[in-house]
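Descriptive structure summary
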Amino acid sequence: MSDYTTIVSETRGRVGWLTLNRPEALNALNSTLVAELADAAMAFDRDEAIGAIVVTGSERAFAAGADIKEMAGKSARDMAMENPFAALEDFARVRTPVVAAVAGFALGGGCELAMMCDVVLAADTAVFGQPEIDLGVIPGIGGTQRLTRAVGYYKAAELVLTGRRMPAEEAERAGLVSRVVPAAQLLDEAGAVAERIASRSLPVAYAAKQALRASQETSAAEGLRLERTLFASLFALEDQKEGMAAFAEKRAPEFRHR
Ligand code: CAA
């Protein structure tokens, strides 16, 4: 798949950019967009020339949630059998670090998509929330789990149970956002963060992401064991030798990129 209709996928240096592009629906996640986003992210993940991915939307909306119009008439059987958001699990599992650049609405599935990324940069215009309760449902793409881990039970419960929208500054204080930047600088900052990640060793970035993800998905004891194993295994890489030699020689490391 490469003739995408709901996203734009492009490469700038070692960074893959994915821009959600359904302006008529504030980038609502319909089945086509979900499939295209996952396909494009996995294609970047297979490409050794890509060291980081940026996911962004428009100035007005990162994404206003799952597509309500597409879902409205479905039965419980349809939702169970079609599992319409399953492809986002593939997106969440890419090894390559992903930077979300969020401006405007990040609601419902939009907030959940941001939480599948590794670094969340927010414009000062960004607004986060899980308003599914107002539609007679609950978050269905990880919102009750990832939001609770990001901001703690009580704040997550307030947001999920009331549907209240949370501005960027509050989201940063709460731990949902890595950093808030002025809206005009959002894409430049996201590009700079992604380039910085991509300039390092790719297998080491994979290991870092894998260990970080374990902190969200396993017990601390299991996560600590995985971290120790990964840490030791990195000493088999040329990039570890190069990184430590460069430190001793007081020069910048030259990591192998291909
Ligand atoms: N699905 C489908 N279409 C959507 C949409 C969505 N989630 N969000 C916005 N749109 C559409 C609107 O219907 C509208 O289309 P028309 O012009 O054809 O009427 C267009 O985008 C522009 O939206 P608005 O006119 O509503 O713009 P606004 O500035 O007045 O309001 C908003 C913006 C507050 C984000 C409002 O659109 C809104 O509340 N959207 C829905 C947010 C929401 O409930 N998200 C959760 C979805 S459910 C979910 O995500 C479940 C899950 O976890 C799996």
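Reference entry: report on the structure contained in this document. Note that the structure is a prediction, hence the values are computed from the model and not measured. Just so you know, the residues in each chain are numbered from 1, in the order the chain's sequence is written. With the structure being a predicted model, the display of local features is reserved for residues of pLDDT at least 70 and the display and counting of side-chain atom pairs for 80 or more, all residues being used for whole-chain, interface and lining totals. Where side-chain values are given, they derive from all heavy atoms of the structure, hydrogens and water being excluded.

The helix and strand labels rest on DSSP assignments: H or I over at least four residues marks a helix, E over at least two residues marks a strand, and numbering proceeds from the N terminus. Secondary structure assignment for the chain yields 12 helices and 10 strands. By principal-axis analysis of the C-alpha atoms, the chain measures approximately 60 × 40 × 40 Å. Across the 258 residues in the chain, those meeting the buried criterion constitute 45%. Residue contacts follow a heavy-atom distance rule, with two residues in contact if any of their heavy atoms lie within 4.5 Å. The contacts in the chain between residues at least 6 apart in sequence include a share of 69% that link residues at least 24 apart. As displayed, the chain offers around 13400 Å² of accessible surface, 56% of which is attributable to carbon and sulfur atoms. Throughout this description, buried means an accessible area under 20% of the type-specific maximum (1.4 Å probe, protein chains only), exposed means over 50%, and partly exposed covers the range between. Values of accessible area rely on a 1.4 Å probe in the Shrake-Rupley scheme; residue burial ignores everything except the protein chains shown.

This part is about the site of the ligand. Only a single heavy atom is needed: when it lies within 4 Å of a molecule or strand, its residue is near that molecule or strand. Within the structure, the ligand sits among 25 residues, and R60, K69, G109, E112 and E132 are positioned closest to it. For the ligand, a nitrogen atom lies 2.9 Å from a polar atom in the backbone of A64. Side-chain atoms alone can form a polar contact between residues adjacent in sequence; in general such a contact is a pair of N or O atoms within 3.5 Å, and within protein one must be able to donate a hydrogen while the other accepts it. Contact between the ligand and E132: an oxygen atom at 2.8 Å from a side-chain N or O atom of the residue. Taken by itself the ligand offers 990 Å² of open surface, and the protein chains cover 68% of this. Those elements giving two or more residues to the shell around the ligand turn out to be helix 2 (68-71), strand 6 (105-107) and helix 5 (109-115). With three residues, the top contributor of residues to the shell around the ligand is helix 2. A class-by-class count of the residues in the shell around the ligand yields 14 nonpolar, four polar and seven charged. Polar here means any residue other than Ala, Val, Leu, Ile, Met, Phe, Trp, Tyr, Cys and Pro, which are nonpolar, and Asp, Glu, Lys and Arg, which are charged; Gly is therefore polar.

By definition, two strands form a pair when at least two bridges between them are found by DSSP. Strand order in the open sheet made by the six strands is 1-2-3-5-7-10, with mixed pairing throughout. Sheet topology places strand 1 (7-12) and strand 10 (179-181) at the edges, where each strand pairs with a single neighbour. Strand-to-strand twist of the sheet, defined as the mean angle between neighbouring strand axes without regard to direction, takes the value 20 degrees. With five bridges connecting them, strand 2 (residues 15-20) and strand 3 (residues 52-56) associate as parallel partners. Looking across to strand 3, one finds that V15 is bridged to A52. Only C-alpha atoms enter the line fits that serve as axes; for helices the fit covers just the stretch in contact. Angles between N-to-C directions range over 0 to 180 degrees.

Another aspect to go through is the packing of aromatic side chains. Note on aromatic contacts: the rings of Phe and Tyr and the six-membered ring of Trp form a pair at centre separations within 6.5 Å, being stacked when their planes are under 30 degrees apart, edge-to-face when over 60 apart, and tilted otherwise. Using the criterion set out here, one finds two aromatic pairs in the structure. Their ring planes at 80 degrees and their centres at 5.2 Å tell us that Y153 and Y154 sit as a pair that is edge-to-face. The class for Y153 is exposed, based on a relative accessible area of 54%. Under the relative-accessibility criterion, Y154 is labelled exposed at 71%. A ring pair is formed by F231 and F235, whose centres lie 5.3 Å apart and whose planes are at 70 degrees; its orientation type is edge-to-face. Relative accessible area serves as the criterion here: at 55%, F231 is assigned to the exposed category. Cation placement over rings: the criterion is NZ of Lys or CZ of Arg within 6 Å of the ring centroid and within 35° of the ring normal. If you follow R12 out to its NZ or CZ, it ends over the ring of W17, 4.2 Å from the centre.

Attention now goes to the nonpolar core. Core analysis: the biggest nonpolar cluster contains 49 residues, and L88, F91, L113 and F128 have the highest contact counts within it. In terms of residues, this core owes the most to one element, helix 1 (residues 31-46), which gives six residues. Residues grouped as a nonpolar core are buried Ala, Val, Leu, Ile, Met, Phe, Trp, Tyr and Cys residues, joined through side-chain atoms within 4.5 Å. Counting residues in hydrophobic clusters, the runner-up holds 16 residues, among them W17, A103, A123 and L186.

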